[in-house]
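Residues per chain, in single letters:
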Amino acid sequence: MAKKFKKKSDKLYAVVGLGRFGFALAEELAAKGCDVMVVDRDRNRVEAADFTDNAFVVDEMTRENLEATGIAEADVAVICIGDKIDVSILTTLTVIRLGVPKVISKASSAEQGEVLAMLGAEVVYPERDMALRLAGKLISPNILEYISLSDEIDIMEIKLSEKAEGKTVVELNVRSRYGLNIIARRHGDTISTDILPDMVLHADDSITVIGKTDSIHKFENDLQ
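Only a predicted model underlies this, so the values are computations on that prediction, with no experimental measurement involved. (Residues numbered from 1 in each chain as written. Predicted model: local features only at pLDDT ≥ 70, side-chain atom pairs only at ≥ 80, totals over all residues. Heavy atoms only, no water.)

From N to C terminus, the chain includes nine helices and 11 strands. Of all 224 residues assigned to the chain, the portion counted as buried reaches 42%. Look at the contacts in the chain between residues 6 or more apart in sequence, and 59% of them connect residues 24 or more apart. When the accessible surface of the chain is summed, it comes to about 12500 Å², and 51% of that surface belongs to carbon and sulfur atoms. For the chain, the separation between the mean place of its 28 positive charges and that of its 38 negative charges on side chains is 1 Å. (Helix = DSSP H or I, 4+ residues; strand = E, 2+ residues; numbered from the N terminus. Buried < 20%, exposed > 50% of the residue type's maximum accessible area, 1.4 Å probe, protein only. Contact = heavy atoms within 4.5 Å. Areas by Shrake-Rupley, 256 points an atom, 1.4 Å probe, with all protein chains shown as cover. Lys, Arg positive; Asp, Glu negative; His and termini not counted. Charge placed at Lys NZ, Arg CZ, Asp CG, Glu CD.)

Helix-helix packing is characterised by the crossing angle of the two axes and by the distance between the axes. Remark: helix 4 (residues 85-97) packs on helix 5 (residues 110-119), axes separated minimally by 10 Å, with the N-to-C direction vectors making an angle of 15 degrees. Between helix 4 and helix 5, the interaxial angle falls into the category roughly parallel. Handedness of the helix 4/helix 5 crossing: right-handed. Touching Ile85, Ser88, Ile89, Thr92, Leu93 and Ile96 of helix 4 are Gln112, Val115, Leu116 and Leu119, all from helix 5. For the contact of helix 4 with helix 5, the residue count by class is seven nonpolar, three polar and no charged. (Axes fitted to C-alpha atoms, helices over the stretch in contact; angles between N-to-C directions. Parallel < 35°, antiparallel > 145°, perpendicular 65-115°, else oblique. Left-handed = near helix turned anticlockwise from the far one by under 90°. Nonpolar A, V, L, I, M, F, W, Y, C, P; charged D, E, K, R; others polar.)

We now examine the pairing of strand 3 (residues 54-57). Of the two faces of strand 3, both are covered, the one formed by Asn54 and Phe56 as well as the one formed by Ala55 and Val57. Of the pairings in the sheet, the one linking strand 2 (residues 35-40) to strand 3 comprises four bridges and is parallel in character. For Val39, the partnering residue across the bridge sits in strand 3 and is Phe56. Taken together, strand 2, helix 2 (residues 43-48) and strand 3 form a β-α-β motif whose crossover is right-handed. (Pairing = 2+ DSSP bridges. Right-handed = clockwise from strand over helix to strand, strands pointing away.)

Here we take up the layout of surface pockets. Here the largest pocket is characterised by a volume of approximately 480 Å³. What lines the largest pocket is a set of 16 residues, and nearest its centre among them are Phe21, Val124, Pro126, Asp129 and Arg133. For the lining of the largest pocket, the secondary-structure elements that each account for two or more residues are helix 1 (20-31), helix 6 (126-139) and strand 7 (143-148). The element best represented in the lining of the largest pocket is helix 6, accounting for five residues. For the second largest pocket, the calculated volume is near 410 Å³. If you go around the second largest pocket, you meet 20 residues; those closest to its centre are Gly19, Arg45, Cys80, Ile81 and Asp83. Of all the elements, helix 1 adds the most residues to the lining of the second largest pocket, at three residues. Broken down by class, the residue content of the lining of the second largest pocket amounts to six nonpolar, five polar and nine charged. (1 Å grid on protein atoms, 1.4 Å probe; cavity = no way out; pocket = protein on both sides within 12 Å on 5 of 7 lines; lining within 4 Å. Points joined across faces, edges and corners; volume = space filled by probe spheres on them.)

What follows is about unusual backbone geometry. In this structure, Asn173 is a non-glycine residue whose phi angle is positive, near 55 degrees. Within the secondary structure, Asn173 sits in the loop between helix 7 (169-172) and helix 8 (174-178). Residue class for Asn173 comes out partly exposed when judged on its relative accessible area of 30%.

Our next topic: helix 4. Because each turn of an α-helix spans 3.6 residues, side chains separated by three or four positions end up pointing in the same direction. Compared with the 18 Å implied by 1.5 Å per residue over 13 residues, the 18 Å span of helix 4 between its first and last C-alpha is a close match. Of the residues making up helix 4, those classed as buried are Ser88, Thr91, Thr92, Thr94 and Val95. Down the axis, helix 4 shows its buried residues gathered within 165 degrees of arc, on one side only. In helix 4, the exposed positions that point more than 90 degrees away from the buried face belong to Asp86, Leu90 and Arg97. Residues of helix 4 that are buried make contact with strand 1 (12-16), helix 3 (63-69), strand 4 (76-79), strand 5 (102-106) and helix 5. One or two steps after helix 4, the chain reaches Gly99, where phi turns positive at roughly 95 degrees. (Expected span 1.5 Å × (residues − 1). Arc of directions from axis to C-beta.)

All quantities given are derived from atomic positions and should not be read as evidence of function.
Next up, the structure:
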């Protein structure tokens, strides 16, 4: 940690743990113009993070070492150490106690997630979420994207069929018939979030809907 910490913008994202998930997350944030700092025990991983000036090698995730990186200045910290449960929990606790306003922690099991949530972290399950998305796509070929918000509520992008050709949003009537809301329409390379009642839909379009899982699948089945 020889380099001096630099905060370039009003909002700083800290990523602790540069495994595949953490590295990809930090790299993508930097690519989108965000101010990013990264922390890892592996020097090679830290040196590979050439997308940020704030890259720190920390041998042990102690309070003293983490505080020395300047992580307390972060607005959001993402702890990506899901495979080492004890380190994940202790690091999450330390970062929370250092006063970072929003701490997100990766978990690899429900039990680990429960502990992290009890500490006050927002918990993510990347492997589980990816598996759910893949399962949704495999079971329903017309489902292009899938995000689970809870056990009952999902967001799905669904490819329309000939049954929707030429119909307006009002005529498709997904709100009354299925209790769903359309939040986006993809037409070719254009994505629109301004969904008007008289918008005309086509068979090669896709729409993104939010609502109960069972209702979304009923709508998707009725399109067949």
